[in-house]
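# Observations on chain architecture
Each chain, letter by letter, is given below.
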Amino acid sequence: MNDRVNTVEASAEARLVQLRVNGEDVQGAAEPRMLLADFIRHVIGLKGTHVGCEQGSCGACTIRLNGKIVRSCIMFAVQANGAEIETVENLANGAELHPIQESYREKHGLQCGFCTPGLLMATQSLLEENPKPSEQDVREYLSGNICRCTGYVGVVAAVMDAADKLSSNSR
Amino acid sequence: MTQQSSADQNNRSRPAKYVGSKVLRAEDPRYLTGRAKYTDDVDVPGALHAAFVRSTHPHAFIRSINTSRALEVEGVFGVYTQTEVETVLDQLVTTLPRPEVKTVTRQVLDSHKVTYVGQPIAVVLATSRYVAEDAAEEVEVDYDPLPPVLDAEAALQPGAPVLRPEIPDNNFAHIEFQRGDIDKAFREADHVFSKRFHQGCYHAAPLELRGVVADYDPASGDLTVWSSSQNPHLFRSLLAGPLGMQESKIRWIADNVGGGFGMKAHFFDEDAIIPALSKLVGRPVKWIEDRYENLVACERSKETIIYLDMAVRADGTFLAFRGRYIGVGGA
């Protein structure tokens, strides 16, 4: 029969994948077809990155790979070998929320929370590229992240508030 | 102390802290830090992963299901059809507390007849979802296609293909009611309008896909179910009967749910099949749907067709409505 292996395939096809995730060196086994999102969630064990479509269309799986935001559901883990990965778990400092997270909370930029990690990663990337975005800039940059709950008004307000927070922090 | 005086005392001594104030949500930190626990975040050691074989026909008999090639895929624990599942899962009875509504009694996993594209026919259990899907593709289903029923009004015509033998006219609820003197209102109306309205079905499309994790412990007879659902108490009740279990032996956990919008307030076939499989094999079973399954096999809010006559006074006041309302319940 089959041995009682939990969750993750470990077969002759598996390769070693080594990553630096949120500043920590990690490694695990992945078959070539294992999605990076599944690797992060089930091999590394970081569940904050979510899977909503497996087609690269909803943005719930957004992470940062070597600084750039990517959709981890349409990448293979083996493609990311050697990369620096940042996930939503990298934002808060223990119980202390990142200013972007505080803004989302204060401006009610979330309801069910499923799209939130992806939006937070994209927001962080946006504000690094464009510290003083207009509302239109925000809507365009975040257009790759679908939210089914909020209608985006609170999201945009949160990002504008975070921009203010971060620019006043850096003065 | 009278009620009035204690209220006065409260008003004086306790300023409003919450009512009328903007209050931060208590639950946000776990969502913001990625620590919220959705159903796919539940890991039970030793769990088998499920993938469904789903109908590719809207209406068909199933002549046979060949699982031999699927069973040869490495990592497959088993492939299950109605034959195996019905040994632990009795029929589901659905009805509404109205005399006009017909009761439908059916097998939850029906491997003999399909009435919609996406209907579950068989289930593969394997060491991972990847392997389970490999095996699901190897299951060979021999269909005997029947004429599809795609239009609600056509379905109500005599001679239309019959989806369920217990509902020979495809109408599971014919309800008539009247309030007020309709005929008088129409006689006295300044204007009478007639119009056909058609509203298509909607898909809730929550961002978090459906999922069920079931852990049946053969030693104690206790069942724990984690599910992305809006109605855990009701679902526990609905599951207990067909599984032949007391409700007190079932713990149904809906932890964090990534959107439902009504869609997840329905008890799906998968909500019964996954726990049944766990009971059958004596191991935890995990199923998370993918977006294809959600778009094809999941319930939508119903399509409605309305023929409406409206009696109206010259100043625009509505006096009366008379109409025929068709609600499409789906397969």
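Just so you know, these numbers come straight off a predicted model, no measurement behind them.

Residues Y104, L120, L127, L142 and V159 of chain A are the most contacted members of the largest nonpolar core, which totals 34 residues. Those elements that provide at least two residues to this core are α2 (99–106), α3 (116–129) and α5 (153–169) of chain A together with α2 (28–32) of chain B. Not counting the four nearest positions on each side in its chain, L127 of chain A is found in contact with I100, P133, V159, A162, A163 and L166 of chain A. Membership of the second largest hydrophobic core comes to 32 residues, among which are V85, L243, W252 and L277 of chain B.

A separate point is α2 of chain A. Every buried residue of α2 of chain A is accounted for by P99, I100, Q101, S103 and Y104 of chain A. Against the buried residues of α2 of chain A lie α3 and α5 of chain A together with α2 of chain B. H108 of chain A sits one or two residues past α2 of chain A and shows a positive phi near 55 degrees.

Right, let's get into the pairing of strand β11 (residues 222–227) of chain B. Residues and elements named next belong to chain B. Most of β11 sits out of view: 5 of its 6 residues are buried. Sheet topology places strand β10 (residues 211–217) next to β11; 6 bridges connect them, and they run antiparallel. Within the sheet, the bridge partner assigned to A214 lies in β11 and is V225. As consecutive antiparallel partners, β10 and β11 are separated by 4 residues, and within that stretch G221 has a phi angle of approximately 75 degrees, a positive value. The parallel pair β11 and strand β12 (residues 250–253), bridged by helix α8 (residues 232–243), forms a crossover whose chirality is right-handed.

Once that is clear, we can look at the interface of chain A and chain B. Taken together, the 45 residues of chain A in the interface contact 42 residues of chain B. Interface area, chain A with chain B, both sides summed: about 3,400 Å², of which 54% is carbon and sulfur. When the shortest N-O distance is used, the salt bridge between D134 of chain B and R33 of chain A registers 2.7 Å. Across the chain A-chain B interface, the total number found is 15 residue pairs in polar contact (both at pLDDT 80 or more). Of all the elements in the fold, those that place two or more residues in the side of chain A that touches chain B are α1 (36–44), α2 and α3 of chain A. Considering every element that reaches the side of chain A that touches chain B, the biggest residue donor is α2 of chain A, with 4 residues. Taken together, the residues of the side of chain A that touches chain B sort by class into 20 nonpolar, 13 polar and 12 charged.

Cut-offs and rules
Residues numbered from 1 in each chain as written. Chains lettered and ligands numbered in written order. Predicted model: local features only at pLDDT ≥ 70, side-chain atom pairs only at ≥ 80, totals over all residues. Heavy atoms only, no water. Core = buried A, V, L, I, M, F, W, Y, C linked by side-chain atoms within 4.5 Å. Buried < 20%, exposed > 50% of the residue type's maximum accessible area, 1.4 Å probe, protein only. Helix = DSSP H or I, 4+ residues; strand = E, 2+ residues; numbered from the N terminus. Contact = heavy atoms within 4.5 Å. Pairing = 2+ DSSP bridges. Right-handed = clockwise from strand over helix to strand, strands pointing away. Buried area = accessible area lost by both parts, 1.4 Å probe. Salt bridge = Lys/Arg side-chain N within 4 Å of Asp/Glu carboxyl O. Polar contact = N/O pair within 3.5 Å; in protein donor to acceptor, adjacent residues only side chain to side chain. Nonpolar A, V, L, I, M, F, W, Y, C, P; charged D, E, K, R; others polar.

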